[in-house]
Each structure stands twice: as C-alpha cells, then as structure tokens.
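Structural overview
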Amino acid sequence: TPAIFDPNAENTSFSRQQLATVGVTPEKGAIESRANISLGAVTRKNFPFTVDDAGAPAKIGNSFLSAFNVTVDDKAHFIDIKRKSQSSGAEASVN
C-alpha cells in the first residue's frame, strides 16, 4: 500500500480500503486498531494505528518510526531505517 512518510506526524494511519487490500479488517466503527505492520524489512508487531474512514492516503508517522533512527536521501529516493537498539539496519526504498 502506498503511504506518505511523515516523521512529524504523531500517528500512523490507514484507510479501511488500504487495510482490506492487505487482509486487515478492523472492527466495524473502530477508530483505532492493531496489526503487524511492515515497511520494507522492518515489522512492528501488534502495532496500534488509526483507522481513517475519510479515505486519506496511508501515513507512516512517528508512532511507527520512534523506535528507529531514520535517514532520508531525497535524491536517491531512499530511506534507511535502523532500530535504535541495533547497529545493523533494515532498509526501505521510497518511490
């Protein structure tokens, strides 16, 4: 699912339609839910996120990124994500 990378946003959010495309079905009427969320090789298990019923693009915010050191290379369209407690990182590319 395409997403907006926004480290200044407090929360991470997905629309119900986006969640359905990856097999996640939050309870009807829920505004928050939990699921395993992956960004490239990085996975957050039982991760809390906001359900956006307005259909806005997915947003990866600080709630997802706070456990990582993040380096953005705009020219290369690349984001390097390394868990703060580890020296080796997982990488995700941005298109």
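Refer to the structure presented above.
Report on the accompanying structure. (Residues numbered from 1 in each chain as written. Predicted model: local features only at pLDDT ≥ 70, side-chain atom pairs only at ≥ 80, totals over all residues. Heavy atoms only, no water.)

Remarks on the overall build of the chain
Per the secondary structure count, the chain includes two helices and eight strands. When the helices and strands of the chain are placed in sequence order, the string is β-β-α-β-β-β-α-β-β-β. Looking at the chain as a whole, 32% of its 95 residues qualify as buried. Long-range contacts, defined here as pairs at least 24 residues apart, represent 47% of the contacts in the chain between residues at least 6 apart. (Helix = DSSP H or I, 4+ residues; strand = E, 2+ residues; numbered from the N terminus. Buried < 20%, exposed > 50% of the residue type's maximum accessible area, 1.4 Å probe, protein only. Contact = heavy atoms within 4.5 Å.)

As for the pairing of strand β6 (residues 68-73)
For β6 and strand β7 (residues 78-83), the ladder comprises six bridges, and the chain directions are antiparallel. Looking across to β7, one finds that N69 is bridged to K82. Between the antiparallel neighbours β6 and β7 lie four residues, among them H77 with a positive phi of about 55°. (Pairing = 2+ DSSP bridges.)

Quick look at the pattern of salt bridges
Counted according to the given criterion, the structure contains two salt bridges. Across the pair R16 and D53 runs a salt bridge whose closest N-O atoms are separated by 2.6 Å. Here the residue R16 occupies a position in helix α1 (residues 16-21), and D53 occupies one in the loop between β4 (42-52) and β5 (58-60), the gap between them amounting to 37 residues. Residue R16 is classed as partly exposed on the basis of its relative accessible area of 25%. Among the salt bridges present, the one from D80 reaches K82, with a minimum N-O distance of 3.4 Å. (Salt bridge = Lys/Arg side-chain N within 4 Å of Asp/Glu carboxyl O.)

Examining unusual backbone geometry
For N46, which is not a glycine, the phi torsion comes out positive at approximately 50°. Tracing the backbone shows N46 in strand β4. Taking the relative accessible area as the measure of exposure, N46 reaches 46% and is therefore partly exposed. The backbone of H77 sits at a positive phi, close to 55°, despite the residue not being glycine. For H77, the position within the fold is in the loop between β6 and β7.

Notes on the nonpolar core
F14, L19, I37, F49 and F64 are the most contacted members of the largest nonpolar core, which has 16 residues in total. Of all the secondary-structure elements, those providing two or more residues to this core are β3 (32-39), β4, β5, α2 (62-65) and β7. Of the residues forming this core, the biggest block, four residues, is contributed by β4. (Core = buried A, V, L, I, M, F, W, Y, C linked by side-chain atoms within 4.5 Å.)

Remarks on the packing of aromatic side chains
With the rule as written, the count across this model stands at three aromatic pairs. Summarising the aromatic geometry, the rings of F14 and F49 are spaced 5.5 Å apart at their centres and angled 85° between planes, so their arrangement reads as edge-to-face. With F14 in strand β2 (residues 13-15) and F49 in strand β4, the pair connects residues that are 35 residues apart, well separated along the chain. Using a relative accessible area of 3% as the deciding quantity, one classes F49 as buried. (Phe/Tyr/Trp six-rings, centres within 6.5 Å; stacked < 30°, edge-to-face > 60°.)

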